[in-house]
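# Structural features, examined
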Amino acid sequence: MKLSRKKILIISIVALNVFNGWVLYRWWRTRATRDAPQTTEMNAKIDTLVAEKKAERQKPVIDSVQQQAYLPILGKSDKLSARDFAKLQAYREKQRKIAKDYLGELYFNGDTSRKVVALTFDDGPDRRVTPQVLKILAKYKVPASFFLVGSYVKKYPEVVKQVVEAGHLVLNHSATHQSYLKKSKDWLKQDLLSTEEAIYKVIGKRPAMFRPPYGDIDAQMIEVIKDNDYKHIIWSYDTLDWTGASVDTIAQGLIQQVRPGEIVLMHSRSGVENTVKALPTIIQKLRAQGYQLVKLDEMLGIQAYK
Ligand SMILES: [Zn+2]
């Protein structure tokens, strides 16, 4: 078959177009596959950014310390039966569960990435145990935090002055140590602010940290405390000195189980003399483990006073 020049020209043009089409197709495919992962990656990045921004808007303003999970509350006593201890454990878990809804309002522990421990002393002041605790803290140059009961503040103002002059924190622990559960809002406010006033009259400062008697917390009291510009401070380690635990139980329990960011509950009142005996060992052994003993405001990065 003899092809005319016209036919050859047409075939050549068709062939050239087909070739061009194939080249274009290959180029498009290469580009599509090369761009595909980048586009997916970029979309994922945008999604993450959008999600982060959304979470940022929903999240309450809280500091870095509070963003950490609460530590399980520790502390055992040789004076508690297995049954009572089980009850206590259940209560501790209940406290932590409630607290999870109030990030930035309740503190159980401090920054778990720092080897710091805050020693806290409740239920004072008194004329006997509190001065002994102060003497030991002064000897070892340990700063601490005291949650005081309003009625005792009025009774022993000179001891409160000693506490604050020694550089420790004087904080609010209610007027008469009644539980804050199942009380009216007015009662709670009155109890809280009358204690604050009693402290203010002695030290000229108003506390901004509150520890509820018995660690009892519920939604209503948390609201009242918050409305009055307080933060709740619970604890992550209870020495259980109030159960009459032995000196060895108080000291060794803490020394063996201590964790970074621990807030330690102890008492400075009559009936808990073993705390005084255990305190020097606790201070020395914690320091030997590399722990720094600090006040609550330093540990939590929040103000102790209004
Ligand atoms: Zn107490």
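Below is a summary of the structure that appears in this document. (Residues numbered from 1 in each chain as written. Predicted model: local features only at pLDDT ≥ 70, side-chain atom pairs only at ≥ 80, totals over all residues.)

Time to look at the pairing of strand β4 (residues 169-172). What you see with β4 is no split at all: Leu-169 and Leu-171 on one side and Val-170 and Asn-172 on the other are buried throughout. With 4 bridges joining them, strand β3 (residues 145-148) and β4 adopt parallel strand pairing. Its bridge partner lying in β4, Ser-145 is registered against Leu-169. (Buried ≥ 20, exposed ≤ 12 C-beta atoms within 10 Å, placed from the backbone. Helix = DSSP H or I, 4+ residues; strand = E, 2+ residues; numbered from the N terminus. Pairing = 2+ DSSP bridges.)

This part is about the nonpolar core. Counting 67 residues, the largest nonpolar core has Phe-146, Leu-148 and Val-264 as its most contacted members. Per element, the largest residue contribution to this core is 6 residues, and it comes from helix α9 (residues 273-288). Contact partners of Val-264, with chain neighbours within four places excluded, come to Val-117, Ala-118, Leu-119, Thr-120, Trp-235, Tyr-237, Thr-239 and Leu-254. (Core = buried A, V, L, I, M, F, W, Y, C linked by C-beta atoms within 7 Å. Contact = placed C-beta atoms within 7 Å.)

Take helix α5 (residues 157-165) next. Listed in full, the buried residues belonging to α5 are Val-159, Val-160 and Val-163. Take α5 and look down its axis: the buried residues cluster within an arc of 105°, on one side only. Every exposed residue of α5 that faces more than 90 degrees away from the buried side is listed here: Glu-158 and Glu-165. Positive phi shows up at Gly-167, right after α5, with a value of about 95°. (Arc of directions from axis to C-beta.)

On to the environment of Asn-274. Topologically, Asn-274 is positioned in helix α9. Given 20 C-beta atoms within 10 Å, Asn-274 falls into the buried group. Along the chain, Asn-274 and Ala-245 lie 29 residues apart, while their C-alpha atoms are 7.5 Å from each other. In contact with Asn-274, not counting residues within four places along its chain, are Asp-241, Ala-245, Ser-246, Val-247 and Ile-250.

Moving on to helix α7 (residues 219-227). Residues of α7 that are buried: Met-221, Ile-222, Val-224 and Ile-225. In an axial view of α7, the angular spread of the buried residues amounts to 160°, which keeps them on one side of the axis. In α7, the exposed positions that point more than 90 degrees away from the buried face belong to Ala-219 and Asp-227. Those residues of α7 that are buried lie in contact with α6 (185-203), β5 (209-210) and β6 (231-233). Just downstream of α7 lies Asp-229, where phi reads positive at about 60°.

Time to look at the pairing of strand β2 (residues 116-124). Across the 9 residues of β2, 8 count as buried, placing the element largely inside the fold. For β2 and strand β9 (residues 292-293), the ladder comprises 2 bridges, and the chain directions are parallel. Opposite Val-117, over in β9, you have Leu-293 as the bridge partner. Here β2 runs beside strand β8 (residues 262-267); their pairing, made up of 6 bridges, is parallel. From the neighbouring strand, Ala-118 faces β8, where its bridge partner is Ile-263. In this sheet, β3 lies alongside β2 in parallel orientation, the contact comprising 4 bridges. Bridge pairing in β3 places Asp-122 opposite Phe-147.

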